[in-house]
Amino acid sequence: SITLDRHNYLIWGSQFLPILHATQLHGYTDGSIAYLQQQVAMSIDPTKLVSNLAYETWILSNQLLLSWIKATLFEPVMAQVVGVTTSGTVWNPLDCLFSSQSRARILQLCYQLQTIKKCNLIVDDY
């Protein structure tokens, strides 16, 4: 199990995403499984609220996933998501924070590969 730190987001993600898909929980992180209200209006009388039966399932799955995500965070990364209460609100900031760093690193490596030289020769000539 890989713990997410500021240097291994791509590896951590490649470990975690298959778990999300296999457990059919990916929708909690990408927003396709929307937050459910604990109570909903009755169809007969919209002024009265009743318990939303699907809410219990939603909250159970969401909190399980939130626990899984937090269990794989290195302590300094965990500090970035203290106080979040849903898996989507922990996943999205992590994704934004670390994927932008990964893209910048990819561009830097591509540039370094394109400009690398052996003696006085560029890679294509070598």
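These remarks concern the structure in this document. (Residues numbered from 1 in each chain as written. Predicted model: local features only at pLDDT ≥ 70, side-chain atom pairs only at ≥ 80, totals over all residues. Heavy atoms only, no water.)

Section: the overall build of the protein
Summing up its helical and strand segments, the protein has 5 helices and 4 strands in all. In the protein, the succession of α and β elements from N to C terminus is α-α-β-β-α-α-α-β-β. Radius of gyration (C-alpha) of the protein: 22 Å, far over the 14 Å computed for a compact globule of 126 residues. When the backbone C-alpha atoms are referred to their principal axes, the protein occupies close to 80 × 30 × 25 Å. Looking at the protein as a whole, 25% of its 126 residues are labelled buried. Accessible surface, the protein: about 8900 Å² in total, of which carbon and sulfur atoms supply 60%. (Helix = DSSP H or I, 4+ residues; strand = E, 2+ residues; numbered from the N terminus. Rg over C-alpha atoms; globule rule 2.2 N^0.38 Å. Buried < 20%, exposed > 50% of the residue type's maximum accessible area, 1.4 Å probe, protein only. Areas by Shrake-Rupley, 256 points an atom, 1.4 Å probe, with all protein chains shown as cover.)

Side note on helix 1 (residues 9-22)
The first and last C-alpha atoms of helix 1 sit 20 Å apart over 14 residues, in line with the 20 Å expected at 1.5 Å per residue. Burial in helix 1 covers these residues: Y9, W12, G13, F16 and L20. Remark: Q24 follows helix 1 within two positions and exhibits a positive phi of approximately 55 degrees. (Expected span 1.5 Å × (residues − 1).)

Points about the environment of G13
By the element assignment, G13 lies in helix 1. Residues G13 and F74 lie 61 residues apart in sequence; the distance between their C-alpha atoms is 14 Å.

Overview of unusual backbone geometry
Excluding glycine, most residues fall at negative phi; most peptide bonds, likewise, are trans. Within the chain, Q24 stands out as a residue other than glycine whose phi angle is a positive 55 degrees. Turning to its location among the elements, Q24 is positioned in the loop between helix 1 and helix 2 (26-30).

Notes on the nonpolar core
Within the largest apolar cluster, 18 residues are counted, with the highest numbers of intra-cluster contacts made by L4, W12, F16, L65, I69, L73 and L94. For this core, the secondary-structure elements that each account for two or more residues are helix 1, helix 3 (53-71) and helix 5 (87-115). (Core = buried A, V, L, I, M, F, W, Y, C linked by side-chain atoms within 4.5 Å.)

A word on the packing of aromatic side chains
Under the criterion given, the structure shown has 8 aromatic pairs. Centroid distance F16 to W91: 5.8 Å. Interplanar angle 40 degrees. Geometry classified as tilted. Placement of F16 in helix 1 and of W91 in helix 5 is noted, with a sequence separation of 75 residues between them. Residue F16 shares its accessibility class with W91, and that shared class is buried. Taken together through their ring pairs, the aromatic side chains of Y9, W12, F16, W91 and F98 make up a single cluster. (Phe/Tyr/Trp six-rings, centres within 6.5 Å; stacked < 30°, edge-to-face > 60°.)

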